[in-house]
Amino acid sequence: MAMASRLWASKAASYLKISTFNRAFASVVKDLKYADSHEWAKIDGNSATIGITDHAQDHLGDVVYVELPEVGAAVTQGSSFGAVESVKATSDINSPVSGKVVEVNQELGSSPGLVNGSPYEDGWIMKVELSNADEVKSLMDSDQYSKFCEEEDSH
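All values derive from a computational prediction rather than experimental measurement.

Novice: Any details on helix α5 (residues 142–153)? Residues and values, ideally.
Specialist: End to end, α5 covers 16 Å across 12 residues, agreeing with the expected 16 Å (1.5 Å per residue, within 8%). The set of residues buried in α5 consists of S142, Y145 and C149. Buried residues in α5, looked at end-on, bunch into an arc of 60 degrees, giving them a common side. At its buried positions, α5 is contacted by β1 (33–34) and α2 (54–60). Capping the start of α5, D141 holds a side-chain oxygen 3.1 Å from the backbone nitrogen of D143, two or three residues further along.

Novice: Which residues make up the pattern of salt bridges, and what are the values?
Specialist: Enumeration according to the criterion identifies three salt bridges in this entry. Taking the shortest distance from any N to any O, the salt bridge between D143 and K30 comes out at 3.3 Å. A residue pair is termed long-range when its members are at least 10 positions apart, and D143 in helix α5 and K30 in the loop between α1 (2–21) and β1 qualify at 113 residues. Judged by its relative accessible area of 45%, D143 falls in the partly exposed class. Accessibility expressed as a relative area gives 64% for K30, which makes it exposed. Two residues, K127 and E103, come together in a salt bridge whose shortest N-O distance is 4.0 Å. In this pair, K127 sits in strand β9 (residues 126–130) while E103 sits in strand β8 (residues 99–104), placing the two residues 24 residues apart along the sequence. Accessibility expressed as a relative area gives 27% for K127, which makes it partly exposed. The partly exposed category is assigned to E103, whose relative accessible area is 35%.

Novice: Help me get a handle on unusual backbone geometry, residues and values and all.
Specialist: A positive phi angle is found at H38, which is not glycine, with a value near 75 degrees. Position of H38 among the secondary structure elements: in the loop between β1 and β2 (39–44).

Novice: Explain a nonpolar patch on the surface residue by residue, including any values.
Specialist: A contiguous nonpolar surface patch, about 300 Å² in accessible area, is contributed by V64, Y65 and V87. You can see V64 is positioned in strand β4 (residues 63–67).

Novice: Describe in detail the sheet that holds β1, supporting the description with residues and values.
Specialist: Strand order in the open sheet formed by six strands is β1-β2-β3-β9-β8-β5, with antiparallel pairing between adjacent strands. Pairing within the sheet leaves two strands with one partner each, and these edge strands are β1 and β5 (74–75).

Novice: Mind laying out the sheet that holds strand β6 (residues 80–86), listing which residues take part and the relevant values?
Specialist: Judged by pairing direction, the sheet is antiparallel, and its three strands sit side by side in the order β4-β6-β7 without closing on themselves. A strand with exactly one partner marks an edge of an open sheet, and here the two such strands are β4 and β7 (90–94). Pairwise comparison of adjacent strand axes, ignoring direction, gives a mean angle of 25 degrees for this sheet. Note: β4 against β6, four bridges, orientation antiparallel. Across the sheet, the residue bridging to V66 is V84, located in β6.

Calculation criteria
Residues numbered from 1 in each chain as written. Predicted model: local features only at pLDDT ≥ 70, side-chain atom pairs only at ≥ 80, totals over all residues. Heavy atoms only, no water. Helix = DSSP H or I, 4+ residues; strand = E, 2+ residues; numbered from the N terminus. Expected span 1.5 Å × (residues − 1). Buried < 20%, exposed > 50% of the residue type's maximum accessible area, 1.4 Å probe, protein only. Arc of directions from axis to C-beta. Contact = heavy atoms within 4.5 Å. Polar contact = N/O pair within 3.5 Å; in protein donor to acceptor, adjacent residues only side chain to side chain. Salt bridge = Lys/Arg side-chain N within 4 Å of Asp/Glu carboxyl O. Patch = residues over 30% accessible without salt bridge, like charges linked within 9 Å, V, L, I, M, F, W, Y side chains within 5 Å. Areas by Shrake-Rupley, 256 points an atom, 1.4 Å probe, with all protein chains shown as cover. Pairing = 2+ DSSP bridges. Axes fitted to C-alpha atoms, helices over the stretch in contact; angles between N-to-C directions.

Okay, here's the thing in structure tokens:
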């Protein structure tokens, strides 16, 4: 019996590896802006909600910890404000915009996996009050970001 269940488990594992590997390109959301370091920003007036992209969480694997910035902290476009720790690696998270942190997603403290399961909704990381709205123009739209990911994955 033990042998049969072990065989089944290894077949299931290899099946799962194949099915996740053959997954279509990671999803992007139309009305978001994207940084080449794989963070997204949802711009709403003078504020932005920020998280990591589906592409980023897919490459990281299961997220086990998210290091959040402090509310009130200043963040700078292109600079690190925290980190995401997964079973594979720890990766810095860079801010796609400059400004002041006005809110952080406290849910990630107890449920870091939200970054994997819902990177564009429940897995958001912080909200920032923009200090320079013009910076948004330097970010990619969804089509540009999709192309960027395809090119990056082909290397």
